[in-house]
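# Observations on the three-dimensional arrangement
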Amino acid sequence: MNTHRPVRALSRALSRALSSSSSSAAAAEPSFPLKNVTKSNFEPVLAELRRHVAAADFVAVDLEMSGVTSAPWRDSLEFDRPDVSYLKVKDSAEKFAVLQFGVCPFRWDSSKKSFIAHPHNFYIFPRQELPVESPTYEFLCQTTSIDFLAKYQFDFNACIHEGISYVSRGQESKALRRLHLAYEDESKLKEVRDAPLVKMADTLFTERMKNTFTEWRDGLLRNRNGGSKFQGISNDRQQHLETIFFKMCPALSLNGFTSHQLRLIQLVIRRHFQDLSYVQVNGENSCQQHLVVHTDSEDDRESLMKEVKDEHLRQAESKVQAAVGFRHVIDLLSSEKKLIVGHNCFLDIAHIYSKFVGPLPSTAEEFVASVNEWFPHIIDTKLLLNANTVLQQRMKKSQTSLSSAFASLCPQMSLGVKSTDLAFQLCVKVEVQVDDLRSSNWNSGAKHEAGYDAFMTGCVFAQACGHLGIDFEACLPSEKLAHNEKLKKHINLLFLSWNKGDVIDLTTGNKNAMSVGSKKKHRYSEISFEKIALIWGFSSKLKAQEIRECISKVFGPSSVVSIYHLDESAEFVQFKKQKLVSDFLSLKDTLERNNGPVSVLHPFAGLLEGGNTRAADYETYKEICSSPNAKVLFADQAEAFGIQWKTKLVEAKASLDSLECESSGVQNNALDPASKVDEKSKRKDMDNVQSDSSSAHVSHFKIIDSLIASRADKVRTNM
């Protein structure tokens with residue numbers, strides 16, 4: 001997946017500049033060989049790809065999408081908890097489309113002592129091609145992503161007009177279920193219900209057709225033993241009716257009738273004729289043909305209709321199978337159980353699941369469990385480069401974006417030049433083959449394409465394996481790279497988001513933190529999610545520092561550790577203690593319930609100005625992130641999510657309310673000595689809760705009283 005677009009663009013620009021200035025001989029190198037695939041050549045390419053994947057040691061993949069984030073606050077942020085990071089990845093995969101899919105099988109050729117790469121660049125587009133009614137596809141486009149693709153000469157016409165369509169396994173199963181339900185229910189065969197004819201024209205038409213069918217049927221019966229050929233109706237309606245044979249039965253072909261007239265004809269047949277049947281079949285060029293067929297008996301009629309229904313079902317199933325499209329490639333990768341190689345590819349895997357398997361699960365744990373069934377061996381080259389000290393030294397602490405890694409580990413291929421410099425020599429040789437053309441010399445990829453990026457990803461992985469000490473010449477053909485001892489500990493570990501260090505194990509579902517590159521600096525101090533309060537909807541004039549000052553005046557100068565900016569409408573506040581979260585929310589709720597002048601005197605007055613300020617704990621942030629709505633501002637998203645309250649109190653306040661309710665019951669049992677003991681204990685608990693509502697050990701009620709007294713003293717002084 002391509003996430004650091006500006007870095008890659010700069011790297012590519014520098015690479016092309018170096019390549020053009022290196023030598024005239026380099027300029028004469030052929031362009032990078034790449035197999036572009038659209039719906040016109042998909043079938044033969046798929047057959048070739050099956051052979052390449054079956055023989056491959058690993059398969060590198062890369063995706064180009066129509067966007068990544070639907071709103072600024074949907075971006076991967078440093079203060080996102082792992083479960084929230086997954087929800088943001090899920091939202092991205094569900095809202096945006098995959099426009100290009102790069103697949104590049106790599107096979108070790110022992111005779112050449114090199115890898116043979118077969119880069120494929122598939123244009124795909126979510127076209128509606130199922131034979132059953134279903135919602136049309138919708139997806140978002142992010143202008144920055146579309147502009148980026150356009151700068152690299154992405155062929156949008158090829159994508160939209162020639163892109164290969166697809167359906168997921170879930171969509172295919174649903175379509176087949178609907179077809180079989182329709183098959184089992186005869187009412188689904190587009191027969192119309194009896195209805196009174198209210199229009200004179202309909203009455204006249206049905207009567208005329210009744211007479212026509214009667215005349216035609218009677219003529220069949222009269223001529224059955226005469227041996228004469230069936231003749232068409234010899235009147236003005238001859239252009240609409242033609243006698244033919246259908247499955248060895250005489251039939252009338254209905255031509256030129258409107259859909260309304262055909263429904264009326266069905267009514268006539270069902271009401272007045274026991275030996276005639278209305279049949280709809282697919283004729284030449286997939287045109288529907290409407291027939292009235294004569295049968296000699298009820299058994300013949302039932303046999304005919306069953307045969308027609310079975311044929312309809314087979315044709316519909318064939319259309320569903322034809323609509324599978326590009327998913328055949330995904331099924332191939334899954335069935336072969338090859339090692340899948342990607343770069344920062346968790347979002348890519350989420351897209352693959354969403355587009356080709358089914359709806360994404362609601363939690364990361366469910367997702368990884370299902371993904372592991374489909375793709376048991378996945379390796380992320382970005383994580384591999386960060387996790388291994390040997391590779392970190394080889395990268396010389398450079399960035400681990402795909403373009404940077406390719407330039408560091410594969411400089412000769414990156415620059416598109418030959419070199420005898422040992423520093424530029426490849427650890428593992430790679431050649432490219434497309435059709436019958438096999439080459440080891442080419443210019444670097446001239447434009448940003450998924451097929452070329454998949455090739456780069458595979459090359460980075462091959463060089464990384466070489467630096468890890470994996471000897472491909474010594475490996476037996478039967479040995480699977482995914483089971484290599486030097487790679488085992490890196491298999492199925494992926495970064496959970498596109499720019500954060502949380503790592504998830506696709507085998508176990510376990511999550512842990514990892515530093516993303518040695519140059520990565522965290523903007524904030526250590527984040528403690530249970531100590532975070534979320535505030536949104538405040539005045540746009542209010543700055544983060546002013547929010548910190550408002551809170552610090554009440555709870556003490558060291559009460560706030562950090563302020564995290566979510567967007568212009570929302571901020572996170574991390575307190576020093578977890579209890580301060582509940583104290584803050586409780587105080588805000590009390591001030592908003594007291595609409596008198598006291599609230600104006602409080603340090604929170606600026607924070608609460610306008611009456612639209614909302615506040616809650618971190619769990620509310622997770623709930624809002626799970627919403628499928630797509631609002632640009634977080635405050636608008638929260639409103640669309642259905643939040644009406646101003647403050648969501650947490651358990652500390654709820655515990656206080658529970659103690660107060662229980663204390664009221666104690667009064668009714670005052671004569672019971674044991675009850676008196678319990679009452680004293682509960683009263684003591686309530687006192688403890690109330691006496692520690694701030695870091696200064698002062699309740700918010702005392703703070704309000706002190707402010708009133710202070711203002712009164714000033715008034716007296718002025719008098």
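Residues numbered from 1 in each chain as written. Predicted model: local features only at pLDDT ≥ 70, side-chain atom pairs only at ≥ 80, totals over all residues. Heavy atoms only, no water.

### Looking at the pattern of salt bridges
Pairs can form between side chains of opposite charge whenever their charged atoms are close. This is how the line gets drawn: The rule for a salt bridge is simple: a side-chain nitrogen of Lys or Arg has to be within 4 Å of a carboxyl oxygen of Asp or Glu. The numbering of helices and of strands both runs from the N terminus, where a helix is a DSSP run of H or I of at least 4 residues and a strand a run of E of at least 2. When a residue's accessible area, from a 1.4 Å probe over protein chains only, is under 20% of the maximum for its type it is buried; when over 50% it is exposed; and in between it is partly exposed.
Using the criterion set out here, one finds 27 salt bridges in the structure. A salt bridge links R438 to D109; the nearest nitrogen and oxygen atoms lie 2.9 Å apart. Here R438, found in strand β13 (residues 437–439), pairs with D109, found in strand β3 (residues 98–109); they are 329 residues apart in sequence, far enough to count as distant. Residue R438 is classed as partly exposed on the basis of its relative accessible area, which comes to 30%. Judged by relative accessible area, which is 10%, D109 ranks as buried. Among the ionic contacts, a cluster of salt bridges with common partners joins R81, D83, E619 and K622.

### A word on the confidence of the model for the protein
Definition in use: The predictor's confidence in any single residue is recorded as pLDDT, a number from 0 to 100. We call two residues in contact when some of their heavy atoms are within 4.5 Å.
With 75% of its residues at a pLDDT of at least 70, the protein reaches an overall mean of 80. Low pLDDT, under 50, characterises residues 187–191; the predicted model gives this stretch eight contacts beyond four residues in sequence or across chains.

### Structural notes on the packing of helix α8 (residues 200–223) against helix α9 (residues 259–272)
Spelled out, the test is: For helices, the axis comes from a line fit to the C-alpha atoms of the stretch in contact; other axes are also lines fit to C-alpha atoms, and the angle between any two N-to-C directions lies between 0 and 180 degrees. In these notes the angle categories are as follows: under 35 degrees is roughly parallel, over 145 is roughly antiparallel, 65 to 115 is roughly perpendicular, and the rest is oblique. Crossing handedness: left-handed means the near helix sits turned counterclockwise from the far one by under a right angle, and right-handed means the same turn made clockwise. When residues are grouped by polarity, Ala, Val, Leu, Ile, Met, Phe, Trp, Tyr, Cys and Pro land in nonpolar, Asp, Glu, Lys and Arg in charged, and all others, Gly among them, in polar.
In contact at an axis separation of 10 Å, α8 and α9 are set at 55° when each is read in the N-to-C sense. One way to sum up the angle between α8 and α9 is to call them oblique. Considering the relative orientation of α8 and α9, their crossing is right-handed. Residues D202, F205, T206, M209, K210 and F213 of α8 form the contact with α9, whose own contacting residues are H260, Q261, L264, I265, V268, I269 and H272. For the contact of α8 with α9, a count of residues per class yields seven nonpolar, four polar and two charged.

### Points about the nonpolar core
Convention followed: Nonpolar cores are built from buried Ala, Val, Leu, Ile, Met, Phe, Trp, Tyr and Cys residues. Side-chain atoms within 4.5 Å join them into one set.
Ranked by size, the top nonpolar core spans 49 residues in total, and within it F101, F122, I124, F326, F367 and I378 carry the most contacts. Those elements that place two or more of their residues in this core are α3 (42–55), β2 (58–65), α4 (82–95), β3, α11 (327–336), α12 (346–356) and α13 (364–374). The element that contributes the greatest number of residues to this core is α12, accounting for seven residues. Excluding residues that lie within four positions of it along the chain, F101 makes contacts with V61, D62, L63, H120, N121, F122, I124, F326, I330, I352, F356 and A450. Within the second largest apolar cluster, 44 residues are counted, among which are C104, L339, M413 and I491.

### A look at α3
Rule in force here: To estimate how far a helix should reach, multiply one less than its number of residues by 1.5 Å. The directions from the helix axis to the C-beta atoms form the arc being described.
Compared with an ideal rise of 1.5 Å per residue, which puts 14 residues at 20 Å, α3 spans 20 Å between its outermost C-alpha atoms and is within 8% of the ideal. Among all positions in α3, only F42, V45, L46, L49 and V53 are buried. The arc that holds every buried residue of α3, seen down its axis, measures 100°, which confines them to one face. On its buried face, α3 is in contact with β1 (35–37), β2, β3, β5 (120–123) and α11.

### Examining the side chain of S552
What counts here: Any pair of nitrogen or oxygen atoms within 3.5 Å is treated as a polar contact; in protein, a donor-acceptor pairing is required on top of that, and neighbouring residues in sequence qualify only through side-chain atoms on both sides.
Along the chain, the position of S552 falls in helix α19 (residues 544–555). Residue S552 is classed as buried on the basis of its relative accessible area of 16%. A polar contact of 2.8 Å, which involves the side chain of S552, links it to the backbone oxygen of R548. Not counting chain neighbours up to four residues away, the residues in contact with S552 comprise P557, S559 and V560.

### Focus: the sheet that holds strand β17 (residues 532–536)
Counted only if it meets this: Two strands qualify as a pair provided that DSSP identifies no fewer than 2 bridges between them.
Strand order in the open sheet formed by four strands is β18-β19-β17-β20, and the pairing between neighbours is antiparallel. Both outer strands of the open sheet, β18 (560–567) and β20 (614–617), are each paired with one neighbouring strand and no more. Going from strand to strand, the sheet's axes swing by 20° on average, the running direction of each strand aside. When β17 meets β20, the two strands line up antiparallel, connected through four bridges. Along β20, the bridge assignment pairs I535 with A615. Running over the sheet, helix α20 (residues 579–593) touches β17, β19 (570–575) and β20 and is turned about 155° from β20.

### Remarks on α4
Here α4 spans 20 Å end to end across 14 residues, near enough to the 20 Å set by a 1.5 Å rise per residue. Burial analysis of α4 places 12 of its 14 residues in the buried class, the great majority of the element. Those residues of α4 hidden inside the fold are in contact with α12, α13, β15 (502–505), β16 (511–513) and α23 (618–625).

### Regarding a negative patch on the surface
What counts here: Patches here: salt-bridge-free residues with over 30% relative accessible area, like charges joined within 9 Å, nonpolar side chains (Val, Leu, Ile, Met, Phe, Trp, Tyr) joined within 5 Å. Only the protein chains shown count as cover for residues, and all accessible areas are computed by the Shrake-Rupley method using a 1.4 Å probe. None of His or the chain ends enter the tally, which takes Lys and Arg as positive and Asp and Glu as negative. In plain terms, the charge of a residue is placed at NZ if it is Lys, CZ if Arg, CG if Asp and CD if Glu.
Side chains of E298, D299, D300 and E302 sit close together on the surface and give a patch of like negative charge. Relative to the helices and strands, E302 resides in helix α10 (residues 298–323). Here E302 falls in the partly exposed class, since its relative accessible area comes to 47%.

### Quick word on the sheet that holds strand β6 (residues 241–246)
The sheet built from four strands is open, its strands ordered β6-β7-β9-β8 with antiparallel pairing. Bordering the open sheet on either side are β6 and β8 (276–282), each of which pairs with just one other strand. Within the sheet, the average angular offset between the axes of one strand and its neighbour, ignoring direction, is 35°. Here six bridges tie β6 to strand β7 (residues 249–254), and the two strands are oriented antiparallel to one another. Considered in β7, the bridge of E242 is made with S253. Docked against the sheet, α9 engages β7, β8 and β9 (288–294), running at close to 145° with respect to β8. Sitting on the sheet, α10 touches β6, β8 and β9, and the angle it makes with β8 is about 20°.

### Some remarks on unusual backbone geometry
Even without glycine at this site, K337 takes up a positive phi of about 55°. Relative to the helices and strands, K337 is located in the loop between α11 and β10 (339–342).

### Thoughts on the pairing of strand β4 (residues 114–117)
Both faces of β4 are covered, namely the face carrying S114 and I116 and the face carrying F115 and A117. In terms of strand pairing, β3 meets β4 through four bridges, oriented antiparallel. If you follow W108 over to β4, its bridge partner there is F115. Between β3 and β4, which pair antiparallel and follow one another directly, the connecting turn spans four residues, one of which, K113, has a positive phi of 50°. With three bridges connecting them, β4 and strand β12 (residues 430–434) associate as parallel partners. The residue bridging I116 from the neighbouring strand is E431, located in β12.

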